[in-house]
Amino acid sequence: MAPEGGVELALAPGAPHELRCRGVWSVRTIAELEKRLAGVDWPAGELTVDGSGVTVLDTSGAWLLHRTLAERRAQGAAVRLQGFKAEFAAMLQLLASRSIPLQPPLARTPPWLVRVGQQTSSALLGLWDYLAFVGESALALLAALRHPRRLRWRPILRNVQIAGVDALPITGLLSFLMGIVIAYQGADQLQRFGANIFVVDLVALAMLRELSPLLTAIIVAGRSGSAYTAQIGTMKVTEEIDALRTIGVTPQDVLVLPKVIALVIVMPLLTVYTDVTGVAGGMLMAKLKLGVGYAAFVDRLDEAIQLSSYWTGLAKAPVFALIVALVGCHRGFQVGGSADSVGAQTTVSVVQSIFLVIVTDALFSIVFLWLDL
Amino acid sequence: MNASADAADAAVIDVRGVHTRFGDAVVHDGVDLRVRAGEVFALVGGSGSGKSTLLREIIALQQPSAGSIRVFGQEVVGIGDERALALRRRWGVMFERAALFSSLTVADNVAMVLAEHTDLSPQLIREVAAVKIALTGLPPDAGLKYPSELSGGMRKRAALARALALDPELLFLDEPTAGLDPLSASGIDELVCSLNEGLRLTIMMVTHDLDLLWHTAHRVAVLGHGRIVGLGTMPELARSDDAVVRQYFHGPRGRAAQQQAQEQAWKTR
């Protein structure tokens, strides 16, 4: 049974009005007590509060009483306390001495137009920050290239292992499956025209020129871009970035450059690898569905693609690498003081890298069209 | 300590024969202690002596390898989360690094506890949270700030306000003065005293702040070599012969703190 707290308003004619409190006044009972107090028909004039029946009074109960009495006093009533146990009286005194405001301060949200303005200006500042970051990183890279001995090879190689070697299974598998899907999708159409052998052209050109670099970039953005943001963001929250600065090391040198260089090395290699596995997937499906033998496939491959098909795909890889690495690192530095912020920036990092990668891919297509590649 | 006094005072926390092992490392090798209702009990020991581990075991965040821990008469070792809930409402914990929820304001940190365990109206929750914040000496507008906007001392007070949200009977403090400037630290000293006296809270704290011990602790247990090597009031421990206890109390800081405490005792007499 939940403990009971209670109030009774005794109206004795001719005598000062008495409010008798009894029972348990604690955080568990004040919800009910508040309702009862709200229903009391307060008389004007003097009020005596008798607390001799109160068995338990904690700070929440004391607050409710204190607030009620303060409201009565504000209405002009003279309030007197009697009968409270010494420690309860002391607690009421403690609350009174802290001058706790009756209305806790409320956060104010600014009006709509102000918020639109604030968001626009912060978006523009964000763009500016990006430019600044890219500039800083470029300078750091140039400085490193001029003094190659100062490059930190350990972190670079470690990142190559994590972003590259560890990604081989997943990228291989996904591009293999993509090759299968393309071959399968094209199979029906090609069979209709008896053009089965052209499945080689379909798979090879699609894979080498477009899908392989794009797929690799998206997977790396999800795997490594998010990891970079989370790592740098957490370091920001724990003040490790500040610590780096105080020992005279630029965060760019230790955190950003190794990641950028590692990804620029890794992505082209991964792209070549996924070129192969993607085409292999297509080869398997071609054999299974279209009856194109492995030897015939490989023979046709020689005629279907030119060197330019290979290079136009590969040329995109380092650009994508720069995008993923720079966006990932920049977002990490943008993390604010809370755990939520790490999550939010990691999300933005992955979404923005993928967006920029796809936009850049489209731009590349236009440029290659122009250059007739 | 006389046995009849122990039996008479209800033991709020009763630790018996606790052993804790992490792989090959033995942290606790038979720890026994009792915390009485209404006292300020301190657990001290060198770094790595296992005091924070013992505290975590008492609040059911970790399990010892062997032994029994009873809080409010309830066995805590092996307790499931459901039964632990009833106990968790009766104690409050202030963590070493405050552990405030970084995405919530101070007021929301306190309000969250109230919203979880009571059915008070939102307005009343806001008001009660403001009371707790004021009780720990924070200014009223501190409630609207995020933990990242507060200084270290203020964060500790905010953590204390959250620990007091449900008016617990038992309060655990893990290194309450760690990293604080002297003024903030002496503020915490006074706060601990006033909480113990004003709200009749039983307080168990883990600390190695000698000033805090001299000013606030009723009894102190010294943890060394995996067991309690000293237990008593501060003056009693200062006279102890045990090597670990002496190292604590008779190093240069130890003697300075003792001297200062004695001078203050003279002044207030």
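Basis of the calculations
- Residues numbered from 1 in each chain as written.
- Chains lettered and ligands numbered in written order.
- Predicted model: local features only at pLDDT ≥ 70, side-chain atom pairs only at ≥ 80, totals over all residues.
- Domains from an automatic or database assignment.
- Core = buried A, V, L, I, M, F, W, Y, C linked by C-beta atoms within 7 Å.
- Buried ≥ 20, exposed ≤ 12 C-beta atoms within 10 Å, placed from the backbone.
- Helix = DSSP H or I, 4+ residues; strand = E, 2+ residues; numbered from the N terminus.
- Contact = placed C-beta atoms within 7 Å.
- Pairing = 2+ DSSP bridges.
- Axes fitted to C-alpha atoms, helices over the stretch in contact; angles between N-to-C directions.
- Expected span 1.5 Å × (residues − 1).
- Bend = angle between axes of the 7 residues up to and from the residue.
- Nonpolar A, V, L, I, M, F, W, Y, C, P; charged D, E, K, R; others polar.
- Left-handed = near helix turned anticlockwise from the far one by under 90°.

**Comments concerning the domain arrangement of chain A**
Segmentation of chain A into domains returns domain 1 (5-97) and domain 2 (115-370). Once you take the C-alpha centre of each, domain 1 of chain A and domain 2 of chain A turn out to be 69 Å apart.

**What to know about the nonpolar core**
Residue and element names in this part refer to chain B. Formed by 99 residues in total, the largest nonpolar core has its most connected members in Val-110, Ile-133 and Ile-203. Broken down by element, this core gets its largest block of residues, 9 residues, from helix H5 (residues 122-135). Discounting chain neighbours no more than four positions away, the residues touching Ile-203 are Val-40, Phe-41, Leu-171, Leu-173, Val-192, Leu-195 and Asn-196.

**Some words on unusual backbone geometry**
Backbone geometry places B:Ala99, a non-glycine residue, at a positive phi of 50°. Relative to the helices and strands, B:Ala99 is located in the loop between strand S6 (91-94) and helix H4 (106-117).

**Points about the sheet that holds S6(B)**
All names here are of chain B. Read from one edge to the other, the open sheet built from 6 strands follows the order S6-S7-S8-S3-S9-S10, with strand pairing classed as mixed. Looking at strand neighbours, the two that pair on one side only are S6 and strand S10 (227-232), the edges of this open sheet. Across the sheet, the axes of successive neighbouring strands diverge by a mean angle of 15°, strand direction being ignored. One ladder, built from 4 bridges, connects strand S3 (residues 40-44) with strand S9 (residues 219-224); its direction is parallel.

**Re helix H9 (residues 251-290) of chain A**
Given 3.6 residues to a turn, an α-helix orients residues that are three or four positions apart in the same direction. Residues and elements named next belong to chain A. Taking 1.5 Å as the rise per residue, H9 with 40 residues should run 58 Å; its terminal C-alpha atoms sit 55 Å apart, in good agreement. Remark: the principal bend of H9, roughly 35°, maps to Leu-257, with a proline, Pro-258, within the next four residues. Looking one or two residues beyond H9, the residue adopting positive phi is Gly-291, at roughly 70°.

**Concerning the interface of chain B and chain A**
Chain B puts 26 residues into the contact, and the matching count from chain A is 26 residues. It is H5(B) that contributes the most residues to the side of chain B that touches chain A, 8 residues altogether. Taken together, the residues that form the side of chain B that touches chain A break down as 13 nonpolar, 7 polar and 6 charged.

**A closer look at the packing of H9(A) against helix H11 (residues 307-333) of chain A**
All names here are of chain A. Running from N to C, H9 and H11 point in directions that differ by 145°, and their axes come no closer than 8 Å. Considering only the axes of H9 and H11, their crossing is right-handed. Across the interface between the two elements, Leu-255, Val-256, Lys-259, Val-260, Leu-263, Val-264, Met-267, Pro-268, Thr-271, Val-272 and Asp-275 from H9 touch Gly-313, Leu-314, Ala-317, Pro-318, Phe-320, Ala-321, Leu-322, Val-324, Ala-325, Leu-326 and Cys-329 from H11. Its residues assigned to classes, the contact of H9 with H11 comprises 18 nonpolar, 2 polar and 2 charged.

**Remarks on the pairing of strand S1 (residues 11-22) of chain B**
Where a strand is regular, its side chains alternate between the two sheet faces. Residues and elements named next belong to chain B. Across 9 bridges, S1 lies against strand S2 (residues 25-36) in antiparallel orientation. Bridged to Val-18 within S2 is Val-31. As consecutive antiparallel partners, S1 and S2 are separated by 2 residues, and within that stretch Gly-23 has a phi angle of approximately 65°, a positive value. In this sheet, strand S4 (residues 66-71) lies alongside S1 in antiparallel orientation, the contact comprising 5 bridges. Looking across to S4, one finds that Arg-16 is bridged to Ser-68.

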